[in-house]
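Working through the structure, step by step
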Amino acid sequence: MRHSKGSKNKKQALITGITGQDGSYLAEFLLSKGYKVFGTVRRNSTENFERIEHIKNQLELVEIDLLDQMSILAALKKTRPREVYNLAAQSFVPTSWEQPILTGEFTALGVTRMLEGIRTVDPTMRFYQASSSEMFGKVQTVPQNEKTPFYPRSPYGVAKVYGHFITVNYRESYNLFALSGILFNHESPRRGKEFVTRKVTDAVARIKLGLLKKLTMGNLEAKRDWGFAGDYVRAMWLMLQQQRPADYVVATGVNHSVKDLLKTAFAHVGLEWKQYVRVDPKLIRPAEVEHLLGDAGKARRELQWKPEVTFEQMIQMMVDHDLRRVRKEIQDRQQGF
């Protein structure tokens, strides 16, 4: 009976963390594919619905708390999704140093609670776990692929490794269709302002419009493999459409330093970055991740996935978005809003 209930709802998906960057892009993508989309929100939380405001009336939001097993069971029973995308986590690396135990509860044990819920309610549900390139941390080989050993360098990275391997264990022990996408850094205009790309593009807009004089940064030499979030959610969906579950690295295979990011963003508004940026050693992480570069060969071969938006296009898109937003802020202030 349970099997038929799961397979009937081929076009139903549940997204935890739907109000985040990836959740909002994934929700848009699934709606365009004709899915009924459920999204989870935490009880009593002051969720920010800004990223899904334009599609909110097409979604069904359900209450869930990754710290509470009963709420997960109730949500899965109520929604009976065919696909579950677990994107909710405490996902900001510096915060994981300040709140290591809470990060472990959400980002590690939260995955176990989701898997336990699926195993209990309907083992035919397909489960996507959002793994992270931060799991590679102090990288053992360059570039990194699905076989590269993990060496996390933050409580967040450690919690993600737990989430990754508990997913492998449930797949192998209970024969669940459960897998992980090991996503390298992916950005967009919907990225939170605490992340370095958005910190830069927001500051560039404010400097260009005369609201800010300087931008303070940490390690300018750190390199990342940065892609566009809208491209990466397509890879998540493709993984759950395969015949057999497997883990995939999702990356562009191109490295850029924080310095490249600054150059690209400032150049887009006709400014020379060196005149506006100062480095503060206090902003350098206790254990820095130096050289993340992804090899997404397996995703290209098996999923036929490849990124469509370049690094430069993405940064320019983010700067343009922040220019529009900051101009509106100025206008609203002038009109007394």
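You'll find the structure just up there.
Residues numbered from 1 in each chain as written. Predicted model: local features only at pLDDT ≥ 70, side-chain atom pairs only at ≥ 80, totals over all residues. Heavy atoms only, no water.

Structural notes on the nonpolar core
The biggest cluster of nonpolar side chains holds 66 residues, and the ones touching the most others in it are Leu30, Tyr85, Tyr128 and Leu262. A per-element tally of this core places helix α8 (residues 229–240) first, with nine residues. Contact partners of Leu30, with chain neighbours within four places excluded, come to Ala13, Ile15, Tyr35, Val37, Tyr85 and Trp237. Counting 23 residues, the second-largest nonpolar core is a separate cluster that includes Leu66, Phe106, Leu115 and Val121. (Core = buried A, V, L, I, M, F, W, Y, C linked by side-chain atoms within 4.5 Å. Buried < 20%, exposed > 50% of the residue type's maximum accessible area, 1.4 Å probe, protein only. Helix = DSSP H or I, 4+ residues; strand = E, 2+ residues; numbered from the N terminus. Contact = heavy atoms within 4.5 Å.)

Observations concerning the packing of helix α3 (residues 69–79) against helix α5 (residues 100–121)
With their axes 9 Å apart at the nearest point, α3 and α5 run at an angle of 45 degrees to one another. Accordingly, the angle class assigned to the pair α3 and α5 is oblique. The two elements α3 and α5 cross, and the hand of that crossing is right-handed. Residue-level contacts link Gln69, Ile72, Leu73, Leu76 and Lys77 of α3 to Arg113, Met114, Glu116, Gly117, Ile118, Thr120 and Val121 of α5. Grouping the amino acids of the contact of α3 with α5 by side-chain chemistry returns six nonpolar, three polar and three charged. (Axes fitted to C-alpha atoms, helices over the stretch in contact; angles between N-to-C directions. Parallel < 35°, antiparallel > 145°, perpendicular 65-115°, else oblique. Left-handed = near helix turned anticlockwise from the far one by under 90°. Nonpolar A, V, L, I, M, F, W, Y, C, P; charged D, E, K, R; others polar.)

Comments concerning the environment of Arg191
Considering the arrangement of structural elements, one finds Arg191 in the loop between β7 (186–187) and α7 (196–208). Classification of Arg191 as buried rests on a relative accessible area of 14%. Linking Arg191 and Ile72, residues 119 residues apart in sequence, is a C-alpha distance of 26 Å. Beyond its immediate stretch of four places on either side in the chain, Arg191 contacts Gln21, Arg51, His186, Thr197, Arg198 and Met318.

The values are spatial; any link to function lies outside them.
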